[in-house]
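The lines below spell out each chain.
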Amino acid sequence: MIPIVITFVIAGIGVAIFHALALPLPWLLGPIIACLLAALAGVRMRGIKPVNDGMRTILGVAVGATFTPPLLMSMIGMWPTLMLIPVMVLCIGLIGVPYFQRLWGFDFATSYYSTMPGGLQDMLVFGEEAGGNPRSLSLIHATRVLVIVVALPFVLQGVWNADLSNPPGAPATSIAPAQLLLMVACALIGWQGAKAIGMFGASILGPLIVAAACALAGLLQHRPPAEAIWVAQFFIGMTVGVKYTGITMAEVRRDLAAGLGFCVILILLTLIFVEAVYGLGLAPGMEALLAFAPGGQAELTVLALIVGADVAFVIAHHVLRIFVVILGAPLFARLFKG
């Protein structure tokens, strides 16, 4: 129980420091950075997985609540950029697998599942079943999410002058209690229903689907309040930072360095695709960056909500990326190996 309390205290200190220094996204980046530094100092930390998953349902409801008939019609026009997602995943695989195998000496399974920009938990399961090193996989994917999520806010501010101080929703006191209860119902029913049928990303996609159905029916008329989004950010940030718990210097020298090098490759590939999308006039630059950045779906959803980006555009591309990676990973692993 003590590591959990320590984790909450460390994450809370991170939030306080970020607030005091007026740094962007204190509720998300504060816990990430504080927990990372504590892990490197040897502090033992733990999260509470059911609570962490539960917090992700808030984001699912937030995205689902934005779906309206006009918005759905606009998604039909996304097909040119959606078609680029599988191409980007293929490019990442063709570059990443040789990078990890030849430059860092990882076995094929570890190299392949370290390369795929899917969910950390899914890639850990697939990679471990294929004989990969789960510790290396965990550290490399945590590093990918960390670098992307920490770098993006500064890029959004520097290039587009995005206002990251915007509240991600209305105050809870301004939303009718019936609407708040409906949000809770969408979150729980969607999460548990999606989990029961084995849907990937159940904690986000299940609530998203149920909330979208309620929004389209005219029942759900608000996004979750700002306070709920801030709490979700806190737990998501803490979860990313805690992944580094127990890291050793040997792992820092190899796995963390390999992960950071791969992040440079991912950033360069992302910039190429974003420039192509923007240059061809297929999407605004900020939306293109948020949609193609290979970070965590939950973290990028938070960013899209806060900066006022086209959330449907961003989430559609990330859902497709995760779908392609998860369904295609076992199949393409055999093809790559062969």
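Throughout this description, residue numbers start from 1 for each chain and increase along the sequence as written. Totals for whole chains, interfaces and linings use every residue, but because this is a predicted model, local features are given only for residues with pLDDT of at least 70 and side-chain atom pairs only at 80 or more, for both listing and counting. Remark: hydrogens and water are excluded; side-chain values derive from all non-hydrogen atoms of the structure.

K.L.:
Whenever I open this one, the overall build of the protein chain confuses me. Can you help?
P.N.:
Numbering of helices and strands starts at the N terminus; helices are DSSP runs of H or I of at least 4 residues and strands are runs of E of at least 2. Along its length, the protein chain carries 16 helices and zero strands. For the protein chain, the C-alpha radius of gyration of 19 Å lies close to 20 Å, the compact-globule estimate for 338 residues. Only protein chains enter the accessibility calculation, which uses a 1.4 Å probe; a residue is then buried when its area is under 20% of its type maximum, exposed when over 50%, and partly exposed in between. Split into buried and exposed, the 338 residues of the protein chain put 53% on the buried side. Note on areas: Shrake-Rupley with a 1.4 Å probe; residue coverage comes only from the protein chains shown. Of the accessible surface of the protein chain, which amounts to about 14,400 Å², a share of 72% is contributed by carbon and sulfur atoms. With the radius of gyration taken over C-alpha atoms, the globule rule is written as 2.2 Å times the number of residues to the power 0.38.

K.L.:
I would appreciate a short explanation of the packing of helix α2 (residues 26-40) against helix α9 (residues 134-160) in the present structure.
P.N.:
The relative placement of two packed helices is expressed as an angle between their axes plus a distance between the axes. In this description, a line fitted to the C-alpha atoms serves as the axis of each element, helices being fitted only across the stretch in contact, and the angle between N-to-C directions of two axes falls anywhere from 0 to 180 degrees. Two elements in contact, α2 and α9, have axes whose closest approach is 11 Å; the angle formed by their N-to-C orientations is 135°. Taken together, the axes of α2 and α9 are oblique relative to one another. Where α2 crosses over α9, the two elements pack in a sense that is left-handed. Facing α2, whose interface residues are L28, L29, I32, I33 and L36, α9 presents L146, V149, V150 and P153. Under the grouping applied here, Gly and all other residues not named as nonpolar or charged are polar, the nonpolar ones being Ala, Val, Leu, Ile, Met, Phe, Trp, Tyr, Cys and Pro and the charged ones Asp, Glu, Lys and Arg. Among the residues making up the contact of α2 with α9, the classes are represented as nine nonpolar, no polar and no charged. The cut-offs work like this: below 35 degrees is roughly parallel, past 145 is roughly antiparallel, 65 to 115 is roughly perpendicular, and the gaps in between are oblique. In this scheme the crossing of two helices becomes right-handed for a clockwise turn of the near helix relative to the far one and left-handed for an anticlockwise turn of less than a right angle. In what follows, a contact means two residues having at least one pair of non-hydrogen atoms within 4.5 Å.

K.L.:
In this structure, what is going on with the environment of P3? I would like to understand it.
P.N.:
Within the secondary structure, P3 is located in helix α1 (residues 2-20). It is 8.4 Å that separates the C-alpha atoms of P3 and G47, two residues lying 44 residues apart in sequence. Residues in contact with P3, not counting those within four places in the same chain, are R44, M45 and R46.

K.L.:
What is the right way to read the pattern of salt bridges from this model?
P.N.:
Should their charged atoms come close, side chains of opposite charge can pair. In the sections that follow, a salt bridge refers to a side-chain nitrogen of Lys or Arg positioned within 4 Å of a carboxyl oxygen of Asp or Glu. For the coordinates displayed, the defined rule picks out one salt bridge. Close ionic contact of K49 with D53 constitutes a salt bridge, the shortest N to O distance being 2.6 Å. In this pair, K49 and D53 both sit in helix α3 (residues 49-64), four residues apart, roughly one turn of the helix.

K.L.:
Explanation requested: the packing of aromatic side chains in the structure shown.
P.N.:
Each aromatic ring pair is characterised by the separation of its centres together with the angle its planes make. Any Phe, Tyr or Trp ring, taking Trp's six-membered ring, that has another such ring centre within 6.5 Å forms a pair; planes under 30 degrees apart are called stacked, those over 60 apart edge-to-face, and the others tilted. By the definition in use, this model includes eleven aromatic pairs. Between Y99 and F100, the aromatic rings sit 4.9 Å apart at their centres with planes inclined by 75°, giving edge-to-face as the arrangement. Note on accessibility: Y99 and F100 belong to one class, buried. Taken together, a centroid distance of 5.7 Å and an interplanar angle of 85° make the contact between F234 and F235 edge-to-face. The exposure class assigned to F234 is buried, which follows from its relative accessible area of 11%. Ring pairing ties together the aromatic residues F8, W27, F234 and F235, which thus form one cluster. Directly above the aromatic system of F106 lies the positively charged group of R254, at a separation of 4.0 Å from the ring centroid. For a lysine, the NZ atom is tested; for an arginine, the CZ atom; a charge sits over a ring if that atom is within 6 Å of the ring centre and within 35 degrees of the ring normal.

K.L.:
Can you help me understand α3 in this one?
P.N.:
Each α-helix turn comprises 3.6 residues. Residues three or four places apart therefore point the same way. A helix is expected to reach a length of 1.5 Å times the quantity of its residues less one. Here α3 is 16 residues long and its end C-alpha atoms lie 23 Å apart, about the 22 Å a rise of 1.5 Å per residue gives. Along α3, twelve of the 16 residues are buried, which leaves the element largely enclosed by surrounding structure. Within the span of α3, buried status applies to N52, D53, G54, M55, T57, I58, L59, G60, V61, A62, V63 and G64.

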